[in-house]
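If you want the building blocks of each chain, they are given just below.
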Amino acid sequence: MSREATGWGRSGAAGGRGVALTATALAALFASTPARADESARWGRRTTAPVSPSVVPPSGAPSEADGVYGRFDGDLELSLGAGAALDPDATRGALALGLHYFSVAGVTLTASDALGRSVAGDARVLGVAVDLRPGFVPRWAQGMERGPALLDLFIDSVSLSLGAWWAGLDGGALGERRGLEASLGFGVPLTGRAPGPWLEARGALRWPDATAAGPTEVVPGALLLVSWHLFMVSPLANDPSLL
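Notes on the structure in this doc start here. (Residues numbered from 1 in each chain as written. Predicted model: local features only at pLDDT ≥ 70, side-chain atom pairs only at ≥ 80, totals over all residues. Heavy atoms only, no water.)

### Digging into the overall build of the protein chain
Keep this limit in mind: In this description a helix means any DSSP run of H or I spanning at least four residues, a strand means any run of E spanning at least two, and both kinds are numbered starting from the N terminus. Each residue is placed in one exposure class: buried if its accessible area under a 1.4 Å probe, protein chains only, is under 20% of its type's maximum, exposed if it is over 50%, and partly exposed if it falls in between. Contact definition: two residues touch when any of their heavy atoms are within 4.5 Å. Note on areas: Shrake-Rupley with a 1.4 Å probe; residue coverage comes only from the protein chains shown.
Broken down by element type, the protein chain carries five helices and eight strands. For the protein chain, the N- to C-terminal ordering of α and β elements is α-α-β-β-β-β-α-α-β-β-β-β-α. Among the 243 residues that make up the protein chain, the fraction classed as buried is 38%. When contacts within the protein chain are restricted to residue pairs at least 6 apart in sequence, long-range pairs at least 24 apart make up 61% of them. When the accessible surface of the protein chain is split by element, carbon and sulfur atoms take 64% of a total near 12600 Å².

As structure tokens, this is what we get:
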């Protein structure tokens, strides 16, 4: 797997080498054929384990269609978003923060508020969740990232979340209502690359704690966001010897 094929290419950069090593290990984990040492290897000799299938750009594809689209600029993906949270009884302004490892698994934090308007339902909601995007690494390792970029990134953005929420009714304190939340989300990059602006949407179901204040029925909701995604190299990737 060449450095050119994955967009890594800063010679001598420790962070880039760490990201490359970890990404290669992830590809080996999800590849259809287990990695194996060359048959000609002998004890005491340094060997390599090829990954099959190789991850290379599609034949005839432009150089930017590498199936990575900037996602290996760092091993940590940070997203910041703003928009609206909608449910049957309220519309609230919303902010969202997400942190994912190799665009696969991470945590999200969302906060929404009615901004002083009187609403029949929850006036403010805070949520924390574990978020999983199962598509990216398996599809990349299997050579399925073949473009166009918008389609690949859209498919890979589909995520499943499970977490907890705390809410307050109009005039009430945050936390007087609480419960569990499950959601399904997706996004579309506006530039055809993972770093940069995105449009995102999530559909959710909130199950209130039966002992908390307010209604106890399941509350459906939606979250609409304009977000910005950026990629950072973590201390682990900065020191490849730790991998």
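### Some points on the sheet that holds strand E4 (residues 122–132)
Condition: Pairing between strands is defined by DSSP: at least two bridges between them are needed. Axis geometry follows a simple rule: fit a line to the C-alpha atoms, using only the stretch in contact for helices, then measure angles between N-to-C directions, giving values from 0 to 180 degrees.
Strand order around the closed barrel formed by eight strands is E1-E2-E3-E4-E5-E6-E7-E8, with antiparallel pairing between neighbours. Across the sheet, the axes of successive neighbouring strands diverge by a mean angle of 25°, strand direction being ignored. Across 11 bridges, the pairing between strand E7 (residues 196–208) and strand E8 (residues 219–232) is antiparallel. The residue of E8 that forms the bridge with Arg206 is Val219.

### Observations regarding the pairing of strand E1 (residues 76–87)
Bridge analysis of E1 against strand E2 (residues 90–101) gives 12 bridges, and the strand direction is antiparallel. Across the sheet, residue Leu76 finds its bridge partner in E2, namely Tyr101. Here E1 folds back onto E2 in antiparallel fashion, the turn holding two residues. Alignment of E1 against E8, held across 11 bridges, turns out to be antiparallel. Looking across to E8, one finds that Ala82 is bridged to Val226.

### Structural notes on helix H4 (residues 149–157)
The condition is simple: As used here, the arc belongs to the directions running from the helix axis to the C-beta atoms.
Restricting attention to buried positions, one finds in H4 the residues Ala149, Asp152, Leu153, Asp156 and Ser157. The arc enclosing the buried residues of H4, seen along the axis, measures out at 130°, which places them on a common side. Lining the buried residues of H4 we find helix H3 (136–141), strand E5 (159–169), strand E6 (177–189) and E7.

### Re the side chain of Arg133
Worth spelling out the cut-off: Under the rule applied, a polar contact is a pair of N or O atoms within 3.5 Å (in protein, one hydrogen donor and one hydrogen acceptor; residues adjacent in sequence only if both atoms are side-chain atoms).
Secondary-structure assignment places Arg133 in the loop between E4 and H3. Assessed through its relative accessible area of 9%, Arg133 is described here as buried. Separated by 2.7 Å, the side chains of Arg133 and Glu77 make a polar contact. In this structure Arg133 touches Glu77, His100, Ser103, Val104, Asp156, Ser157, Val158, Ser159 and His229, once residues within four positions along its chain are discounted.

### Quick look at the nonpolar core
Stated precisely, the cut-off is as follows: Residue types Ala, Val, Leu, Ile, Met, Phe, Trp, Tyr and Cys, when buried and joined through side-chain atoms within 4.5 Å, form a set referred to as a nonpolar core.
Ranked by size, the top nonpolar core spans eight residues in total: Val19, Val68, Phe72, Phe102, Phe136, Val137, Trp140 and Ala237. Top contributing element to this core by residue count: H3, with three residues. Counting six residues, the second largest nonpolar core, distinct from the first, contains Tyr69, Ala149, Trp198 and Phe231.

### Re a nonpolar patch on the surface
This is how it is decided: Here the term patch refers to residues with relative accessible area over 30% and no salt bridge, with like charges joined within 9 Å and nonpolar side chains (Val, Leu, Ile, Met, Phe, Trp, Tyr) within 5 Å. By definition, a salt bridge exists where a carboxyl oxygen of Asp or Glu is found within 4 Å of a side-chain nitrogen of Lys or Arg.
The grouping of Leu150, Leu151, Phe154, Ile155, Val158, Leu160, Leu184, Phe186 and Val188 at the surface amounts to a nonpolar patch, some 720 Å² of accessible area in total. With respect to the helices, strands and loops of the structure, Leu150 is situated in helix H4.

### Side note on unusual backbone geometry
In this chain, Gly147 is followed by Pro148 through a cis amide linkage whose omega measures -5°. With phi around 55°, Tyr69 is a residue other than glycine that occupies positive phi space. Mapped onto the elements, Tyr69 comes out in the loop between helix H2 (14–30) and E1. Given the relative accessible area of 2%, Tyr69 is considered buried. Backbone geometry at Leu115 places phi at a positive 60°, although glycine is not the residue there. For Leu115, the location among the structural elements is in the loop between strand E3 (105–113) and E4.

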